[in-house]
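# Remarks on the overall topology
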2 protein chains.
Amino acid sequence: MSLKALDYESLNENVKNCQYAVRGELYLRASELQKEGKKIIFTNVGNPHALGQKPLTFPRQVVSLCQAPFLLDDPNVGMIFPADAIARAKHYLSLTSGGLGAYSDSRGLPGVRKEVAEFIERRDGYPSDPELIFLTDGASKGVMQILNCVIRGQKDGILVPVPQYPLYSATISLLGGTLVPYYLEESENWGLDVNNLRQSVAQARSQGITVRAMVIINPGNPTGQCLSEANIREILRFCCDERLVLLGDEVYQQNIYQDERPFISSKKVLMDMGAPISKEVQLISFHTVSKGYWGECGQRGGYFEMTNIPPRTVEEIYKVASIALSPNVSAQIFMGLMVSPPKPGDISYDQFVRESKGILESLRRRARMMTDGFNSCKNVVCNFTEGAMYSFPQIKLPSKAIQAAKQAGKVPDVFYCLKLLEATGISTVPGSGFGQKEGVFHLRTTILPAEEEMPEIMDSFKKFNDEFMSQYADNFGYSRM
Amino acid sequence: MSLKALDYESLNENVKNCQYAVRGELYLRASELQKEGKKIIFTNVGNPHALGQKPLTFPRQVVSLCQAPFLLDDPNVGMIFPADAIARAKHYLSLTSGGLGAYSDSRGLPGVRKEVAEFIERRDGYPSDPELIFLTDGASKGVMQILNCVIRGQKDGILVPVPQYPLYSATISLLGGTLVPYYLEESENWGLDVNNLRQSVAQARSQGITVRAMVIINPGNPTGQCLSEANIREILRFCCDERLVLLGDEVYQQNIYQDERPFISSKKVLMDMGAPISKEVQLISFHTVSKGYWGECGQRGGYFEMTNIPPRTVEEIYKVASIALSPNVSAQIFMGLMVSPPKPGDISYDQFVRESKGILESLRRRARMMTDGFNSCKNVVCNFTEGAMYSFPQIKLPSKAIQAAKQAGKVPDVFYCLKLLEATGISTVPGSGFGQKEGVFHLRTTILPAEEEMPEIMDSFKKFNDEFMSQYADNFGYSRM
């Protein structure tokens, strides 16, 4: 009897081949334990509101009014909404053609794309064209759209940092392309060595792979490093020489927890370098409302900006975007609010600054608490989280533990993370889900658990870890960088 | 000099090959004219709120409160929100893990999926499992997800009704598959003849195509017909014999404007047929908040239900869904509200019924007005819009007009629609964007312009058409069915 199209054996191989560890084995086991009544601390996803972070008030007031425009005519509306939120809601409703229930332009509301362009100009000091900015249902969907344009088949390669955020590995295999890894140096604070890049490209080409694009995640996920301006210049020069498109994933640009390396966009560095390179390198930059101090993941709002992309290609990207009609309009308004927040003198300004600073400063403290907590544990080393939302400690597993993992049919870091979950309820993502060097093991947590819970979480981690290390202690050494 | 990845010539061919007429040449020309100040009536997209349809009040009150949960503690909240909306907002917030800003389960909030299953049970009288219901960012994204599982390469064919909604043709070519057309019979009120289906499959197989799935759109888009129970039974038996997955696009199930053929879901017919066929045919049914009397297109909310799909395949679909983290949570709440609207005795019940009945009855009148209006025009014949949101009149073009179109380098119906747009501002979609028989021409409009504007719109259409027919009148006959 012939197979039916949705029989497992008959499915598109690309679908079966892709993996997405962030919601993989650990997450599924944690969800089971949660259903059985165990208290689970989900540190597997950068999902701040799920871990108690409060939404910023002003944006929610504006979008709440946009969802219920009839409130604007209610005589009592001023009793529960501030005047500047009411004015802003009227502004955004005027940018739509029929409110939040109408499809917008498939590229997003022109008025919001203009606000994004103005934000980029203020940030970078260079012009930005709203016609080259597309709003998307989250940055992830934008990345998928662009990779779909770039990948033509298995022989097309995409340079991706390792450790990497598995959106890239999953999407590349879903589209039938090839991931070309370039390794970040843990001993160099996850720095990037251009020679290493050249080796990766040369090796890929020797295997008949056409390397087409390069991904950078700045600040890094899961590794948390902030790229220096010099590093970005080197990368842009490399992309120019190799004629690669640079995909700049900059979704954590608000999440900076040190002052030595502030965020600088790839767009700004490219423009600073001047012609000919500033007109030569094809660059797509991604941003989102899901991260930063907004954390509005569930709204699914993002954008990408295109630099040096030929007009005919922009038309093709527009055509493909139009197939799904439009991104959700509610999240487009969140994006407009994020790039043009309340200004000094606005009624809601003080509250907005107080709330956003409060979140950012707490994240900064939690980054430090978690790094120090991990570094206090036996056989654990952890680079400081300079940016983004994650800690990525290296766990130096004793060979007895590695042996036990093999017997259990598990990758060693999955083995460790499952034990951690069962013992403490802390649900993490094994480093193998992000890629790591052979024989080196990590796990990723977010720095998002509530600040007041952090000491207890780190204590319970330490207790588990040190008992684990004793249980599997042996004299034959540990996995090591 | 080698091409760069985002140079037009170097793009993924599948991206370049796909077409999406709904936002194609006519839409782009209409947008230009609008920018030049011309009044445009956009009848190209089923986008009710953009044409003045008011959103239903109760759902907007609930989602507005969910976006601003701090309002629930405001002593004045009862002055502008009814008690049942407040209670419902608390209910939906309790189903989330962190409110609308937190990613949900990649399949959608379990609590909402349960409400969808209960809706399907009430509608069909058969059990529905929430674990086999996935919420999506609109039905379109769900269709794309499933087609991505089914299509493995160019030799995989998907049976699609012609005329069809170009989401299918665009997605099939974007995924590198092959569209296998089956023609609906305009003279039989767009009915479907199973023999015609067998011919299409046989012909495709003769060209080495593996036909994997069949799409039905019920009620039809753009053709507006409602499938009879007998028709659906035939289709299910055909899919069983040919071992095809049936994709049931049922997004217009609320939009029914006649009483002879009420909506009946493919799921119900399949279950009514009993074993073995009820356990044999793989069926995916799609629904949305964008259509019906909700028209909440911009929210991007939808679901698909899986019937007879193997568990391992469900896991693969879940894995791919998790790559983009989660559908937007705000629209998931709209979906919950749509499947469990206010009940008799609820404070908002009367208002909800008054509003929804008002919209549906007006749509019914507009369907009749438009059909009669087109049928009053020279050389135009139009089947009654039994369901959905569109009119699809056949325009019998004089050969002189066909000649003029060729000279202008245009497909004849595009030529006609561009002239219509320039003369009247009515922006339609040429029939060629949906597929039609050789030498037969149509255009699609929506029935969504405001009821009070409809007479004037049909008059200006008639004036244009009759002048056009006189201008290009000749003695050599017309394009004809």
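Keep in mind the model is a prediction, meaning the values are calculated, not measured. (Residues numbered from 1 in each chain as written. Chains lettered and ligands numbered in written order. Predicted model: local features only at pLDDT ≥ 70, side-chain atom pairs only at ≥ 80, totals over all residues. Heavy atoms only, no water.)

### Re the interface of chain A and chain B
The criterion, for reference: Note on contacts: a residue pair is in contact if any heavy atoms of the two residues lie within 4.5 Å. Note on definitions: buried area is the accessible-area loss of two parts on being combined, 1.4 Å probe, summed for both. Salt bridges are identified by distance alone: a Lys or Arg side-chain nitrogen within 4 Å of an Asp or Glu carboxyl oxygen. In the analysis that follows, any N or O atom pair within 3.5 Å is treated as a polar contact, provided that within protein one partner can donate a hydrogen and the other can accept it, and provided that, for residues neighboring in sequence, both atoms belong to side chains. Segments assigned H or I by DSSP are reported as helices when at least four residues long, segments assigned E as strands when at least two residues long, and all are numbered from the N terminus. Residue classes follow a fixed rule: Ala, Val, Leu, Ile, Met, Phe, Trp, Tyr, Cys and Pro count as nonpolar, while Asp, Glu, Lys and Arg count as charged, and any other residue, Gly among them, counts as polar.
Opposite the 98 residues of chain A that make contact, chain B presents 98 residues. For the pair chain A and chain B, the summed buried area comes to about 8,400 Å², and 57% of that belongs to carbon and sulfur atoms. Area buried by chain A at its contact with chain B is led by Leu6, Tyr103 and Arg243 of chain A, which between them contribute 11% of it. Two residues, lysine 141 of chain A and aspartate 137 of chain B, come together in a salt bridge whose shortest N-O distance is 3.4 Å. Viewed at the interface, chain B and chain A are joined by 51 residue pairs in polar contact (both at pLDDT 80 or more). Broken down by element, the side of chain A that touches chain B gets its largest block of residues, eight residues, from helix 13 (residues 311-323) of chain A. Considered class by class, the residues forming the side of chain A that touches chain B number 48 nonpolar, 31 polar and 19 charged.

### Structural notes on helix 13 of chain A
All names here are of chain A. Defined as follows: Here a helix's expected span is defined as the number of its residues, less one, multiplied by 1.5 Å. Here's how the labels work: a residue is buried when its accessible area is under 20% of the maximum for its type, exposed when over 50%, partly exposed in between, all with a 1.4 Å probe on protein chains only.
Given a rise of 1.5 Å per residue, 13 residues ought to cover 18 Å, and the 19 Å separating the end C-alpha atoms of helix 13 matches this to within 8%. Of all the 13 residues making up helix 13, ten are buried; the element is thus mostly covered by neighbouring parts of the structure. Taken residue by residue, helix 13 has Thr313, Val314, Glu316, Ile317, Tyr318, Lys319, Val320, Ala321, Ser322 and Ile323 as its buried positions. Following helix 13 by one or two positions, leucine 325 adopts a phi angle in the positive range, close to 65°.

### Description of the environment of arginine 365 of chain A
Following the sequence through the fold, arginine 365 of chain A ends up in helix 15 (residues 349-375). When the C-alpha positions of arginine 365 of chain A and lysine 38 of chain A are compared, they lie 28 Å apart, and in sequence the two are 327 residues distant.

### Here's the deal with the domain arrangement of chain A
Residue and element names in this part refer to chain A. Cut-off, in case you're wondering: Where each domain begins and ends follows an automated or database-derived domain assignment.
Looking at chain A, the domain boundaries give domain 1 (9-39 + 354-472) and domain 2 (94-339). Just the C-alpha atoms count here: the centres of domain 1 and domain 2 sit 27 Å apart. On the domain 2 side, the residues contacting the 33 residues of domain 1 number 35 residues. Where domain 1 abuts domain 2, roughly 2,900 Å² becomes buried across the two surfaces, and 56% of that area is made up of carbon and sulfur atoms. On inspection of domain 1 and its partner domain 2, the count reaches three salt bridges.

### Focus on the sheet that holds strand 10 (residues 390-391) of chain B
As a general point, the strands of a sheet are linked pairwise by backbone hydrogen bonds and lie either parallel or antiparallel. All names here are of chain B. Note the following rule: Being paired, for any two strands, means DSSP has found at least two bridges between them.
Read across the open sheet, the three strands follow the order 10-14-13; overall the sheet is antiparallel. Taken across any chain shown, the strands that pair with only one partner, and hence form the sheet edges, are strand 10 and strand 13 (429-430). Where strand 13 lies against strand 14 (residues 443-446), two bridges are found, and the strand directions are antiparallel. Paired with valine 429 across the two strands is arginine 444, which belongs to strand 14.

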